[in-house]
Every structure is written in structure tokens, then in C-alpha cells.
Amino acid sequence: MPPCAQEEFTGVKKDHKKPLITLEQLHEHTKPDDLWIAIEGKVYDLSKWAISHPGGEHLLLNMAGQDASGVYRAFHTAHGSGFKADKLLKYLPHVADLICPPESALQKDFRKLRQQVDRDGLYNTSVPYYAVLFSWLALLFGTAVYLTVNATDATSTAVSMSVLALFFQQAAFVGHDSAHNGITHHRNTDIMIGMVVGPLLTGISTAWWKRSHNAHHVVTNSVSHDPDIQHVPFFAITMDLFKKGGFWSYYHRRFFHFDAAAKFLLSYQHILYYPVMSFARWNLYVQSWLLLLDFKTKTDFRMFEIGCLLTFWVGLSHVVSFLPTWQLRVMWLVGSHMLAGILHVQI
């Protein structure tokens, strides 16, 4: 059975003097101090380098002992970091070549589709589109602040909080694009754009979003690895989450217990779904701070992002202070976040 290399992707010729291993043998190397990953037929020992991975060590641990060719190409594209990543691969320990079956028809079709999308320039940034989008966000933000500062009663407060909720929703999609390096395709530039629409103006950490969302894309719907489905005790989308009394989350690094409280709440998740989503945004604030204050976890521009979050909360408090009564302030805070929660229902 031949090694599964596709040399036209990396431009790196295989070293056929390397030992050939099977997928079963690759599966034996799944620990942080013994972390092997296969990329297009070449097996790399990333045990020492994983901590330096720009996307985070956790993404490599998610793929430890596996063929990560598809994930690698999805994240390191020709229009993004693909060239740099391919160049870096040449300097990482290449310890073996992988024996695997030929590509399936489905794999070939996806590879051709990806290449066609790149050739057609569908990932190229439309400057006029983003110019209009940023103008729209600026209009929403300015309008929300103006209406809030000048609100005097429940009606005007309701209007202002609705505009703010719309701003939160619209900014989230730009934050998503920047987290995927999909605006300028330059990592640090897109991170800075994300800092503006994320922690500075909406109070949600860009680092947290990238860390969580990238893990979701790498191991989509994995019970033990995907944080986007790990919502016990409130929600569960599969019986696998509690078959063994709970599950270990490699992302959160803790065990989620299926205890009496979880059993009770999950029995009514169909009723609790919308009420919980109404307050879900507050949890994102908490998750943002938990990551940024966890100095054991590597994040980019940590102190700068903390400064952005502090600026957001000072600014938010100042704007809220213009409302004439505490009742209107509570209404504005709770109402704007409940309306913004429509986004959480959507995604």
C-alpha cells in the first residue's frame, strides 16, 4: 500500500528513506510529550514545537495521532498562511511516512473544489464591501450611543437598546471574519481588526473566540474536544455526553458531570433554551476574562486585549450613567443583551 503523499501541495519531496508506518501505528502517538501528526503522507513529531504553534497547542493535541491533511489545508490556505506554513514544515522533525489507501473519490472532489475556489479568487477581499460594512457599523454604534445618552423614558430607552443589540449582532460577523484571517489575510492585521469589533466595542475577547472557534472547526461535534457542544448541565445534543456519567473536556480541561442537577435541567432544555439564550452573552464576557486571566494558556496580545476589555466596560458604564433612573439602566442592559441573544439562537 503506497504512502499517501501529494507532493504538489507542499512542494516538499518525500524522503523515502524514512520508515513507513500505518494509521494504527500513528494512533499510538497522542500525548503532549509524544505528539505525532501526519500531513499529506509525511509524519511529523511536534512534541516540542506544539507550544509554539500560532493557533495554539490545543489544536495540535486535538489532531494528535491522526492524519491532519484536510484540517491543515483548511486552515493554511493559499490566500492565507499556506506559504508560511508549508515553508515551516521543512524545518519540523519528519520522522516517518504514512501508509494509507489512495484518495477516495470524495476526497479528490473536495481537493479539486478547494483548488477551484482558490483559482477563482473567491477568497479575495472586496474592499468596497468592507468599506460599506464598516460604515454601517460606525453608524449603528454612533446611533446607539446618541440615542442612549438622550433617552428619557422607557420608549426611547427601548429604541436605543435595540440599536445597540443590532450593533452587537452585526459586529459579531466581522469578528468572525477577522478571527479566520479572512479580511486582509494578514494574521496580525486581522487580529487588530478583531480587537476593535471584539473586546474594545463589544466586550468579547478575540483570543477566546479564536481559541474556541478554531477548536470547533478542527474537531467539529467531538464530545471530548469541541467546546461548542459542551454545554452541560444546560444543553446536550447527544446521548454520548452523559453515557459514562459525563465527559472529559480537553478544551476546558475538566470533567463535566451528569449529576442530579444536570439530569433535571436537561430534561427541560427544550423549555429553557430561549431563556438561557437571552442571557448567553453574559457568559461570553465571563469566558473572555477567564481566558485572558489564565496566564498558563498562550494568547496573542494579552495585555493589549485586557486593556480593550477594560475600556469597553468603562465606556459602557459611562454611557449607561446618562439614563435618568436605575430602572431604565437595568432595562437597557438586560434588554440589549436579550435582543443580541437572537444571534446566539441563530448560530
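Quick caveat: nothing in here was measured; it's all calculated off a predicted structure. (Residues numbered from 1 in each chain as written. Predicted model: local features only at pLDDT ≥ 70, side-chain atom pairs only at ≥ 80, totals over all residues. Heavy atoms only, no water.)

A closer look at the environment of His79
Note on placement: His79 falls in the loop between helix H4 (69-75) and helix H5 (82-89). A relative accessible area of 21% places His79 in the partly exposed class. Spatially, the C-alpha atoms of His79 and Trp208 are 24 Å apart, while their sequence positions differ by 129 residues. With sequence-adjacent residues up to four places away left out, His79 is seen in contact with Asp118, Tyr123 and His185. (Helix = DSSP H or I, 4+ residues; strand = E, 2+ residues; numbered from the N terminus. Buried < 20%, exposed > 50% of the residue type's maximum accessible area, 1.4 Å probe, protein only. Contact = heavy atoms within 4.5 Å.)

Quick look at the nonpolar core
Leu35, Ile37, Leu46, Phe167, Phe168, Val174 and Trp332 are the most contacted members of the largest nonpolar core, which totals 53 residues. Here this core takes eight residues from helix H8 (residues 154-179), the largest share from any one element. Excluding anything up to four places from it in sequence, Val174 contacts Leu133, Phe134, Leu137, Ile183, Ile193 and Val197. Judged by nonpolar contacts, the second largest core, of nine residues, contains Val223, Val232, Leu241 and Phe247. (Core = buried A, V, L, I, M, F, W, Y, C linked by side-chain atoms within 4.5 Å.)

What to know about the packing of helix H7 (residues 127-149) against H8
Relative to each other, H7 and H8 sit at 150°, their axes nearing to 8 Å. Taken together, the axes of H7 and H8 lie roughly antiparallel to each other. For the pair H7 and H8, the crossing hand works out as left-handed. Each of Tyr130, Leu133, Phe134, Trp136, Leu137, Leu140, Phe141, Thr143, Ala144, Leu147 and Thr148 in H7 lies in contact with H8, whose residues at this interface are Val159, Ser160, Val163, Leu164, Leu166, Phe167, Gln170, Ala171, Val174 and Asp177. Grouping the amino acids of the contact of H7 with H8 by side-chain chemistry returns 16 nonpolar, four polar and one charged. (Axes fitted to C-alpha atoms, helices over the stretch in contact; angles between N-to-C directions. Parallel < 35°, antiparallel > 145°, perpendicular 65-115°, else oblique. Left-handed = near helix turned anticlockwise from the far one by under 90°. Nonpolar A, V, L, I, M, F, W, Y, C, P; charged D, E, K, R; others polar.)

Thoughts on the sheet that holds strand E4 (residues 42-45)
For sheets, the rule is that strands pair by backbone hydrogen bonds, running either parallel or antiparallel. A sheet is described by the order of its strands in space; here five strands give the open sequence E1-E5-E4-E3-E2, paired in mixed fashion. Single-partner strands in this sheet number two, and they are strand E1 (20-21) and strand E2 (30-31). Here E2 pairs with strand E3 (residues 34-39) via two bridges, running antiparallel. When the bridges of E3 are listed, Thr30 appears paired with Leu35. (Pairing = 2+ DSSP bridges.)

Some thoughts on the pattern of salt bridges
The final tally for this structure, using the stated rule, is five salt bridges. Between Asp294 and Arg253 there is a salt bridge whose closest N-O contact spans 3.1 Å. With Asp294 in the loop between helix H13 (280-292) and helix H14 (302-320) and Arg253 in the loop between strand E6 (246-249) and strand E7 (254-257), this pair connects stretches of sequence that are 41 residues apart. Taking relative accessible area as the criterion, Asp294 reaches 21% and is therefore assigned partly exposed. A residue is classified by how much of its surface remains accessible, and Arg253, at 48% relative accessible area, is partly exposed. (Salt bridge = Lys/Arg side-chain N within 4 Å of Asp/Glu carboxyl O.)

A look at the environment of Gly142
In this fold, Gly142 is placed in helix H7. Between the C-alpha atom of Gly142 and that of Phe75, which follows or precedes it by 67 residues, the distance is 35 Å.

Looking at the packing of aromatic side chains
All chains considered together, the criterion is met by 14 aromatic pairs. Note on Trp208 and Trp209: the rings are 6.3 Å apart at their centroids and 55° apart in plane angle, and the pair reads as tilted. Taken together, a centroid distance of 5.5 Å and an interplanar angle of 80° make the contact between Trp282 and Tyr285 edge-to-face. With Trp282 and Tyr285 both in helix H13, this residue pair falls three residues apart, about one helical turn. Look at Trp282 and you get partly exposed, because its relative accessible area is 30%. (Phe/Tyr/Trp six-rings, centres within 6.5 Å; stacked < 30°, edge-to-face > 60°.)

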